[in-house]
Amino acid sequence: MNINQLTAHEILGLIETKKASPREVHDSVLRQIQATDKEVHAYVRVHDAAVGAGEAGAPPVPIPVAIKDNICVTGVETTCCSRILKGFKPPYDATVIRKLKKSGAVFVGTTNMDEFAFGSSTENSCYGPTRNPWDRSRVPGGSSGGSAAAVAGHEAIWALGSDTGGSIRQPAAFCGVVGLKPTYGRVSRYGLIAFASSLDQIGPITKDVTDAALLLGIIAGYDDYDSTSADVPVPDYTKALVNDVKGLKIGIPKEYFVEGIDPQVKQAVAAAIDVLKKCGAAFEEVSLPHTEYAIATYYIVATAEASSNLARYDGVRYGLRRQPKEERKSPLIDMYEETRDAGFGNEAKRRIMLGTYSLSSGYYDDYYLKGLKVRTLIKQDFDNVFRKCDAILTPTAPTTAFKIGEKADDPLSMYLSDVYTISANLSGIPAISVPCGFSQEGLPIGLQILAKPFAEETLFRIGYTYEQNTPWHKKRVSL
Ligand code: GLN
């Protein structure tokens, strides 16, 4: 096996015993990118020697990491895969980047994504789609599809993504890797270009649960620069990596196994439940009664916040600026309109219009305010279940990776593919996706585990136990 197919913790072991050097690891990743990225297109920018300084005292973690194109890195073009941000080079590092630099990380490149993280397939990128390494006629999921494809395709050892409604977990499931959305506030959002500020979280995309625990340990923690980051101590997450789920009670929400779920996904999740039962976990059917309102609620709250966050792209401060040939209204208004029309793609425009509508006077109470109320009910559903259960288990997505183009002209069916992931964002709770098998066509399937706020350790414990008793996390795509 090539070194770039190993996990970060395996590579750190080799580096420690001098069986490999950080340079060799980086080179093997760059070779893979050269050989396959023309076709996979996980990256929009590749750097060849950007290495963090490391910190005196702590052992460095010189692991090649891929960064989603919405996380600011000083001097590195960061565009959210939107024409409107072309040429924007942030003058500062996101807090997660500052922490990674301190850890000695090796920055491989910037990964492809749906424009402003609007989407579930990475097709809404101004740079064109990413392809799923397991089947290049299919999408990698989205919006962090580039990061998931890079890790699955051995073009990075691990990666950062962002998750507003499933954008880490769903691509992780489609690409057969691990993806974690931390508790809201666990990781600083400073320097993450905002989509929906009350839902966004940065998190790890890795080859196994151990790596997810390691990477979360590096990026988590309170930050003076993000008032919504939580002042909660960061535990040593690796201590939660135990092969033992005895005494844990896990809920299975009955609303998640109804129509629309692919029978092969259902079967893989049922098999995962059996594995964890044999390991000593207790299962119980539970109810999350407001699940049927989750998609509508999310697409009201998320688009409202997005329309407001995207108001800043006016051609004055960042990226693109356009002026029409002839004057229409006034030079300034013309410039705003021309820039926004040329700069935003169709999905971004759709979301700006939806969000502006639900925030407008006369509709605010009926849509946005009602959305916030239902959001509270959805959160209460989880609170109720977590009074008696330690965790909840569901599929990550209702289907496996779909074909490129299959849902591109049908936004509603694309939105429906988020049905299992968005409730965690609306409730602020942590959730992880781990590989749990393959369909007959050889496409990866993801298992989602959810827990109480700041109970990432429960996710790691269950995910690790599951890995120790199944082969899925060891399957590598051959490219
Ligand atoms: N697919 C969802 C959407 O399109 C989630 C995106 C995300 O988490 N960034 O909004």
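Residues numbered from 1 in each chain as written. Predicted model: local features only at pLDDT ≥ 70, side-chain atom pairs only at ≥ 80, totals over all residues. Heavy atoms only, no water.

Participant: Explain the overall build of the chain to me, and be specific about the residues and the numbers.
Facilitator: For the chain, the count of helices and strands is 14 helices and eleven strands. Scaling as 2.2 N^0.38, a compact globule of 479 residues should have a C-alpha radius of gyration of about 23 Å, and the chain matches this with 21 Å. Here the chain, with 479 residues, has 60% of them falling under the buried criterion. Here the analysis covers contacts within the chain between residues at least 6 apart in sequence; of these, 75% occur between residues at least 24 apart. (Helix = DSSP H or I, 4+ residues; strand = E, 2+ residues; numbered from the N terminus. Rg over C-alpha atoms; globule rule 2.2 N^0.38 Å. Buried < 20%, exposed > 50% of the residue type's maximum accessible area, 1.4 Å probe, protein only. Contact = heavy atoms within 4.5 Å.)

Participant: Break down the site of the ligand for me, with residues and values.
Facilitator: In the neighbourhood of the ligand, 15 residues make up the surrounding shell, with Thr 164, Gly 165, Ser 167, Tyr 298 and Arg 351 lying closest. In the environment of the ligand, an oxygen atom lies 2.7 Å from a nitrogen or oxygen atom belonging to the side chain of Tyr 298. Between the ligand and Arg 351, the relevant distance is 2.8 Å, taken from an oxygen atom to a side-chain nitrogen or oxygen of the residue. In isolation the ligand exposes 290 Å². Once the protein is present, 100% of that is buried. The residue makeup of the shell around the ligand, split by class, is five nonpolar, seven polar and three charged. (Near = heavy atom within 4 Å. Polar contact = N/O pair within 3.5 Å; in protein donor to acceptor, adjacent residues only side chain to side chain. Areas by Shrake-Rupley, 256 points an atom, 1.4 Å probe, with all protein chains shown as cover. Nonpolar A, V, L, I, M, F, W, Y, C, P; charged D, E, K, R; others polar.)

Participant: Could you give an account of the nonpolar core, with specific residues and numbers?
Facilitator: In terms of nonpolar packing, the biggest core is built from 133 residues, with Leu 100, Phe 116, Ile 219 and Phe 460 touching the most fellow members. The next biggest cluster of nonpolar side chains, apart from the first, holds six residues, and it includes Val 139, Phe 174, Ala 397 and Phe 402. (Core = buried A, V, L, I, M, F, W, Y, C linked by side-chain atoms within 4.5 Å.)

Participant: Can you explain the environment of Val 316? Please cite residues and give values.
Facilitator: Inspection of the secondary structure puts Val 316 in the loop between α8 (294-309) and α9 (331-343). On the basis of relative accessibility, which here comes to 43%, the residue Val 316 falls in the partly exposed class. Counting along the chain gives 147 residues from Val 316 to Arg 169, while the straight-line C-alpha distance between them is 35 Å. In contact with Val 316, other than residues within four places in its own chain, are Arg 321, Met 335 and Tyr 336.

Participant: Pulling in residues and values, what's your account of the side chain of Asp 200?
Facilitator: Turning to its location among the elements, Asp 200 is positioned in the loop between β5 (178-181) and β6 (201-206). Although Asp 200 lies buried, it forms no salt bridge, and the closest oppositely charged side chain, Arg 189, sits 4.9 Å away as judged by the N-O distance. In terms of polar contacts, Asp 200 uses its side chain to reach the side chain of Thr 164, at 2.7 Å. Filtering out sequence-adjacent residues up to four positions away, Asp 200 remains in contact with Asp 163, Thr 164, Tyr 184, Arg 189, Leu 192, Ala 194 and Phe 195. (Lys, Arg positive; Asp, Glu negative; His and termini not counted. Salt bridge = Lys/Arg side-chain N within 4 Å of Asp/Glu carboxyl O.)

Participant: Break down the packing of aromatic side chains for me, citing the residues and quoting the values.
Facilitator: One pass over the full model with this rule turns up 20 aromatic pairs. When the centroid spacing of 5.5 Å and the interplanar angle of 75° are considered together, the rings of Tyr 237 and Phe 460 count as edge-to-face. Taken together, the residues Tyr 237 in the loop between α6 (209-219) and β7 (249-253) and Phe 460 in helix α14 (residues 456-468) connect sequence positions 223 residues apart. The exposure class assigned to Phe 460 is buried, which follows from its relative accessible area of 0%. One aromatic cluster is present, formed by Phe 88, Phe 116, Phe 118, Phe 195, Tyr 313, Tyr 318 and Phe 344 through successive ring pairs. In this structure, Lys 407 packs its charged tip against the face of Phe 402, placed 4.9 Å from the ring centre. (Phe/Tyr/Trp six-rings, centres within 6.5 Å; stacked < 30°, edge-to-face > 60°. Lys NZ or Arg CZ within 6 Å of the ring centre and 35° of its normal.)

Participant: Lay out a positive patch on the surface with the relevant residues and their values.
Facilitator: On the surface, Arg 83, Lys 86, Arg 322 and Lys 325 cluster together into a positively charged patch. Mapped onto the fold, Lys 325 is located in the loop between α8 and α9. (Patch = residues over 30% accessible without salt bridge, like charges linked within 9 Å, V, L, I, M, F, W, Y side chains within 5 Å. Charge placed at Lys NZ, Arg CZ, Asp CG, Glu CD.)

Participant: An account of the packing of α8 against helix α11 (residues 365-388) is needed here, citing residue identities and associated values.
Facilitator: Pairs of packed helices are described in terms of their axes, by the angle between the two and the distance that separates them. Close contact between α8 and α11 brings their axes to 9 Å; oriented N to C, the two are set at 125°. Overall, the two elements α8 and α11 adopt an arrangement that is oblique. In this structure, α8 crosses over α11, and the sense of that crossing is left-handed. Within the contact between the two elements, α8 uses Ala 294, Thr 297, Ile 300, Val 301, Ala 304 and Glu 305 and α11 uses Tyr 367, Tyr 368, Gly 371, Leu 372, Val 374, Arg 375 and Ile 378. Here the residues of the contact of α8 with α11 are counted per class, giving nine nonpolar, two polar and two charged. (Axes fitted to C-alpha atoms, helices over the stretch in contact; angles between N-to-C directions. Parallel < 35°, antiparallel > 145°, perpendicular 65-115°, else oblique. Left-handed = near helix turned anticlockwise from the far one by under 90°.)

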